[in-house]
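# Geometric and topological summary
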Amino acid sequence: MERLHIAFFGPTNSGKSTLVNAICGQEVSLVSPVPGTTTDPVRKIAELPGLGPCVLIDTAGLDDTGTLGAERQRLTKAVMDETDVAVLLDESLLPQFEDAGIPAVIYKRGQSIDSLLERIAAVAPQEESKYLTGNLVGPGSSVLLVMPQDKEAPKGRLILPQVQILRELLDRGCIPHCCTHESLPDAMRSLAGKPDLVITDSQVFGLVNKTIPQDWSLTSFSVLLAAAKGDLNVFVKGALAIENLRPGGRVLIAEACTHVPDTEDIGRVKIPAMLRKRVGMADHAGHDGTVIPDQVGDLTVDIAAGNNFPEDLSPYSLIIHCGACVANARLVRSRIRKAVAAGVPITNYGLAIAYLQGILPRISLP
Ligand SMILES: Nc1nc2c(ncn2[C@@H]2O[C@H](COP(=O)(O)OP(=O)(O)O)[C@@H](O)[C@H]2O)c(=O)[nH]1
Ligand SMILES: [Mg+2]
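All values reported here derive from a predicted model rather than from experimental measurement.

### Re the pairing of strand 2 (residues 42-48)
Pairing of strand 2 with strand 3 (residues 52-58) involves 7 bridges; the strand directions are antiparallel. Residue pairing across strands places Ile45 opposite Val55, the latter belonging to strand 3. Turn length for the strand 2-strand 3 hairpin, with the two strands adjacent in sequence and antiparallel, is 3 residues, and the turn residue Gly50 shows positive phi of about 80 degrees.

### Description of the confidence of the model for the chain
Looking at the chain, the pLDDT average stands at 88 and 91% of residues meet or exceed 70. Residue range residues 282-289 is modelled with pLDDT below 50. Its contacts to residues more than four positions away, or to other chains, number 10 contacts. Confidence over residues 291-296 falls short of pLDDT 50; this stretch has 21 contacts with residues more than four positions distant or in other chains.

### Remarks on the environment of Leu4
Its location among the elements puts Leu4 in strand 1 (residues 4-9). Here the alpha-carbon distance between Leu4 and Asp84, two residues 80 residues apart in the chain, equals 6.2 Å. Those residues in contact with Leu4 that lie beyond four places of it in its chain are Leu51, Gly52, Cys54, Asp84, Val85 and Ala124.

### Focus: the packing of helix 10 (residues 266-279) against helix 12 (residues 349-356)
Interhelical geometry of helix 10 versus helix 12 gives an angle of 30 degrees and a closest axis separation of 11 Å. Relative to helix 12, helix 10 is oriented roughly parallel. Pair helix 10 / helix 12 crosses with left-handed handedness. Residues Ile266, Gly267, Ile271, Met274 and Arg278 of helix 10 form the contact with helix 12, whose own contacting residues are Tyr349, Ala352 and Leu356. Looking at the contact of helix 10 with helix 12 residue by residue, the classes come out as 6 nonpolar, 1 polar and 1 charged.

### Section: the domain arrangement of the chain
Partitioning the chain into structural domains gives domain 1 (4-123), domain 2 (134-223) and domain 3 (231-362). Taken together, the contact pairs 6 residues of domain 1 with 6 residues of domain 3.

### Focus: the packing of helix 8 (residues 221-228) against helix 12
Viewed as axis vectors pointing N to C, helix 8 and helix 12 meet at an angle of 130 degrees, and their least axial separation amounts to 7 Å. The orientation of helix 8 relative to helix 12 falls into the category oblique. By crossing handedness, the relation of helix 8 to helix 12 is classed as left-handed. Contacts between helix 8 and helix 12 involve Ser222, Val223 and Ala226 from the former and Tyr349, Gly350, Leu351 and Ala354 from the latter. Considering only residue class, the contact of helix 8 with helix 12 consists of 5 nonpolar, 2 polar and no charged.

Conventions adopted
Residues numbered from 1 in each chain as written. Chains lettered and ligands numbered in written order. Predicted model: local features only at pLDDT ≥ 70, side-chain atom pairs only at ≥ 80, totals over all residues. Pairing = 2+ DSSP bridges. Helix = DSSP H or I, 4+ residues; strand = E, 2+ residues; numbered from the N terminus. pLDDT = per-residue confidence, 0-100. Contact = placed C-beta atoms within 7 Å. Axes fitted to C-alpha atoms, helices over the stretch in contact; angles between N-to-C directions. Parallel < 35°, antiparallel > 145°, perpendicular 65-115°, else oblique. Left-handed = near helix turned anticlockwise from the far one by under 90°. Nonpolar A, V, L, I, M, F, W, Y, C, P; charged D, E, K, R; others polar. Domains from an automatic or database assignment.

Next up, the structure:
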């Protein structure tokens with residue numbers, strides 16, 4: 001289940017931070033009579049009555065004109081891309097949100113929080129109760145999950161897509177079997193026969209494809225997420241557009257979160273290296289032999305992390321989005337709309353890797 005993203009917009013000093021604090025019953029944002037007290041968007045995860053798991057996003061004023069005002073306004077506008085419901089502290093903002101297709105409610109000082117939450121619930125988009133695994137499995141299906149726990153994995157935990165899909169399989173009455181890529185051959189021997197589906201982390205797509213028999217159904221976590229949090233058709237077309245990449249091209253890698261990149265980072269290191277190989281360019285190595293990920297030979301690879309998705313997409317031949325495990329569907333879809341409007345193909349990590357490994361035609365799509 002995706003968290004409902006509720007964002008608060010209004011002029012500086014209209015009481016946005018006060019309202020967020022009142023809803024949470026704690027001091028999330030600093031409140032003060034000084035205009036421009038809230039600068040960067042402030043996020044708070046909360047479980048709200050009648051709404052369930054939410055992310056509350058307090059913003060700087062849309063009218064912030066102080067030093068850095070323009071920059072704050074840009075960050076505030078970027079929040080609109082991921083807003084499921086907007087709470088407006090100024091009625092005059094309503095048309096702007098209607099134009100953007102964002103459900104909005106108006107809050108006036110002194111109104112009760114309970115009634116505000118009820119009004120939010122009334123306009124909140126109904127979550128499609130579609131399964132990530134769609135019609136690929138059913139009750140009793142045996143599903144083998146290949147989940148590498150490498151350096152990138154959070155210590156002592158599983159990443160969100162793995163948790164979500166495991167939970168979904170259990171809810172659907174499936175029988176999930178889990179292994180890492182190292183233990184895959186043992187896991188295959190331990191199965192009574194052919195599983196109904198193999199779901200792998202995209203990072204080991206190629207290896208898993210080579211290890212399992214060709215008649216086993218194979219897909220990846222990020223392919224399943226692409227369907228739920230994006231648009232599978234657009235992403236498949238985007239993956240096929242890798243074929244048209246040429247030296248001199250420019251690729252945008254878009255990450256929804258801002259994680260600290262690792263030396264094996266999929267978006268910054270692995271995918272650029274695969275693209276370089278595909279486009280047929282020599283390795284571009286730094287003095288100490290390490291690959292320079294942002295400048296791949298003659299193929300330029302830009303990274304946009306978090307809110308820094310560029311306004312101007314025209315320089316790009318291709319956009320490759322991350323699996324968006326922490327982002328909501330609205331954010332990914334607003335980026336797809338921007339890419340389509342700019343005529344730039346867009347795909348995601350999983351489909352790009354499947355294409356680059358030559359296994360796109362063989363994978364199962366939900
Ligand atoms: N009287 C009154 N003052 C408020 C109310 N909400 C906010 N304030 C005051 O207005 C000022 C700005 O509030 P703040 O929440 O920081 O506004 P923001 O800039 O929109 O985040 C602060 O001094 C608050 O104490 C309210 O409902 N009633
Ligand atoms: Mg504030």
